[in-house]
Structure formats: C-alpha cells, structure tokens
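What follows is each chain in one-letter form.
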Amino acid sequence: MRELAPHHPSPVVLIVENDVLERLSAAADLRRQGLEVFEAADMTEAITVLKKIAVDILISDVSLIGATALARWVQERRPTTQVVWMAALQSGQDCMTPAVLH
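The rules we used
Residues numbered from 1 in each chain as written. Predicted model: local features only at pLDDT ≥ 70, side-chain atom pairs only at ≥ 80, totals over all residues. Heavy atoms only, no water. pLDDT = per-residue confidence, 0-100. Contact = heavy atoms within 4.5 Å. Patch = residues over 30% accessible without salt bridge, like charges linked within 9 Å, V, L, I, M, F, W, Y side chains within 5 Å. Areas by Shrake-Rupley, 256 points an atom, 1.4 Å probe, with all protein chains shown as cover. Salt bridge = Lys/Arg side-chain N within 4 Å of Asp/Glu carboxyl O. Helix = DSSP H or I, 4+ residues; strand = E, 2+ residues; numbered from the N terminus. Buried < 20%, exposed > 50% of the residue type's maximum accessible area, 1.4 Å probe, protein only. Axes fitted to C-alpha atoms, helices over the stretch in contact; angles between N-to-C directions. Parallel < 35°, antiparallel > 145°, perpendicular 65-115°, else oblique. Left-handed = near helix turned anticlockwise from the far one by under 90°. Nonpolar A, V, L, I, M, F, W, Y, C, P; charged D, E, K, R; others polar.

### Quick look at the confidence of the model for the chain
Thinking step 1. Mean pLDDT over the chain works out to 83, with 77% of the residues at or above the 70 mark.
Thinking step 2. With pLDDT under 50 throughout, residues 1-5 is counted as low confidence; its partners more than four residues away or in other chains account for zero contacts.
Thinking step 3. Within the model, the stretch residues 91-96 combines pLDDT values under 50 with three contacts to residues more than four positions away or in other chains.

What follows is the structure, given as structure tokens:
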C-alpha cells in the first residue's frame, strides 16, 4: 500500500485591486490553481477581510490608494502574511516580476 503525503492546506490569498475585471481575472486564475482566494476593491475592504480571516498572501496593486498604509497595517498586525506588489505593465513590456516584502 502506498503512503499518501500529508495534506497541506492551500495558502489563503487576498487580492486587493480596484479594477473589477483585473481582480476577477486574477482571482479566477489563482482558484484554478487550487488556492483559496478572497477579494477586496480597496484598503477598507481589505482590512475588513484581514480582521476576519488569516491570510497567507496579500496581493495588492502598488498604485492602490492607501497601499503603503495597508502594507504597514499588515506588517504590524499580521506579520506572517506575505505582501506581493503588482504594477501595471507599460506598453512594450512583456513580463513583470512581483516584489515580495518581509
């Protein structure tokens, strides 16, 4: 009989993006990969989610109003949460590398 590897829960991700289509697309992609995903349109919604749910990874648009304050809030209250910044690509760019804080 073959031993099964221990089950590891999927990381919980919070996507903070004010562009609805971008947020829905990113959330759908991550869900297809088996991740549990929550969504927020702005800092206020993100903090509401973060107060209720233990989030492993926060993905935020760097141009989001209050992005820096949100990152500070997360670092102070949820130090184990990884913060990933995203930025829109400019015309002519073909890839982007996210920056992970912590």
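Having seen the structure, we can now continue with the description.
### Quick look at a nonpolar patch on the surface
Thinking step 1. Together, Val20, Leu21 and Leu24 make up a nonpolar patch on the protein surface, roughly 300 Å² of accessible area in all.
Thinking step 2. With respect to the element layout, Leu24 can be found in helix 1 (residues 20-32).
Thinking step 3. With relative accessibility at 43%, the residue Leu24 sits in the partly exposed group.

### Digging into the packing of helix 2 (residues 43-52) against helix 3 (residues 67-77)
Thinking step 1. Between helix 2 and helix 3, the least distance of the axes is 10 Å, while the angle of their chain directions is 10°. One way to sum up the angle between helix 2 and helix 3 is to call them roughly parallel. The interaxial crossing formed by helix 2 with helix 3 has right-handed handedness. Contacts between helix 2 and helix 3 involve Met43, Ala46, Ile47, Leu50 and Lys51 on the former and, on the latter, Ala69, Leu70, Trp73 and Val74.
Thinking step 2. Per-class residue counts for the contact of helix 2 with helix 3 are eight nonpolar, no polar and one charged.

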